[in-house]
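Okay, here's what each chain looks like letter by letter:
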Amino acid sequence: QVQLVESGGGLVQAGGSLRLSCAASERTFSYDSMGWFRQAPGKEREFVAAITTSDDNTYYADAVKGRFTMSRDNTKNTVYLQMYSLKPEDTAVYYCAGSRAGWAPRTRSLYENWGQGTQVTVSS
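This structure is a prediction, so every number in the text was calculated from the model and none was measured. (Residues numbered from 1 in each chain as written. Predicted model: local features only at pLDDT ≥ 70, side-chain atom pairs only at ≥ 80, totals over all residues. Heavy atoms only, no water.)

Participant: Kindly report on unusual backbone geometry, identifying the contributing residues and their values.
Facilitator: Leaving glycine out, the prevailing phi sign among residues is negative, and the prevailing peptide bond configuration is trans. Its identity is not glycine, yet Ser85 carries a phi of approximately 45°, on the positive side. Position of Ser85 relative to the elements: it lies in the loop between β8 (78–83) and β9 (92–99). The phi dihedral of Asn113 falls on the positive side, at around 55°, and the residue is not glycine. (Helix = DSSP H or I, 4+ residues; strand = E, 2+ residues; numbered from the N terminus.)

Participant: Lay out the layout of surface pockets with the relevant residues and their values.
Facilitator: Empty space within the largest pocket amounts to approximately 160 Å³. Lining the largest pocket we find Arg38, Ala40, Lys43, Glu44, Glu46, Pro88, Glu89, Thr91 and Ala92. Partitioned by chemical class, the residues of the lining of the largest pocket number three nonpolar, one polar and five charged. (1 Å grid on protein atoms, 1.4 Å probe; cavity = no way out; pocket = protein on both sides within 12 Å on 5 of 7 lines; lining within 4 Å. Points joined across faces, edges and corners; volume = space filled by probe spheres on them. Nonpolar A, V, L, I, M, F, W, Y, C, P; charged D, E, K, R; others polar.)

Participant: Kindly report on the state of the cysteines, identifying the contributing residues and their values.
Facilitator: Following the criterion strictly, the structure yields one disulfide and no others. Covalently, Cys22 is tied to Cys96 through a disulfide, its sulfur atoms 1.9 Å apart. Because the torsion about its S-S bond is 60°, the bridge between Cys22 and Cys96 counts as right-handed. Placement of the pair is Cys22 in strand β3 (residues 18–24) and Cys96 in strand β9, with a sequence separation of 74 residues. (Disulfide = S-S within 2.5 Å.)

Participant: Describe the environment of Thr58, naming the residues involved and giving the relevant values.
Facilitator: One can find Thr58 in strand β6 (residues 58–60). Given the relative accessible area of 30%, Thr58 is considered partly exposed. Spatially, the C-alpha atoms of Thr58 and Met34 are 9.7 Å apart, while their sequence positions differ by 24 residues. Residues within four places of Thr58 in sequence aside, it is in contact with Ala50, Ile51 and Met70. (Buried < 20%, exposed > 50% of the residue type's maximum accessible area, 1.4 Å probe, protein only. Contact = heavy atoms within 4.5 Å.)

Participant: Before we move on, could you go through the pairing of strand β5 (residues 46–52) and cite the residues and values that matter?
Facilitator: Of all the seven residues making up β5, six are buried; the element is thus mostly covered by neighbouring parts of the structure. When strand β4 (residues 33–39) meets β5, the two strands line up antiparallel, connected through six bridges. Among the inter-strand pairings, Trp36 is bridged to a residue of β5, identified as Ala49. From the end of β4 to the start of β5, which pair antiparallel, there are six residues, and Gly42 there has a positive phi angle of about 75°. Direction of pairing for β5 relative to β6: antiparallel, over a ladder of three bridges. What sits directly across from Ala49, in β6, is Tyr60. The antiparallel pairing of β5 with β6 creates a hairpin that spans five residues between the two strands, and Asp56 there sits at a positive phi of about 60°. (Pairing = 2+ DSSP bridges.)

In structure tokens form, the structure reads like this:
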């Protein structure tokens, strides 16, 4: 079973940047897509971004479109989430997971093998 480990979170001021990494124990294209989700205190885990492993098409939630970029490095079995212009409302635990749904879904239940998450805190 593929293990996923997130890293790169931290405390940053509003307007700052962070790059999250999600390292897989084996080739990420064993999945059809990889996704990033986030969960703020007291809220549901929500879709942030996804990338298809066949052609690296990317998809973003409206709240992060234009500020976040998801990418993949096959040589390192790692996916990234580059976050720019961070806002306090981006504060959450960020998780990565893989999907075998055949496309890049936005639905949490279609993902599996969740990592332990990495905390992102954006101060105002």
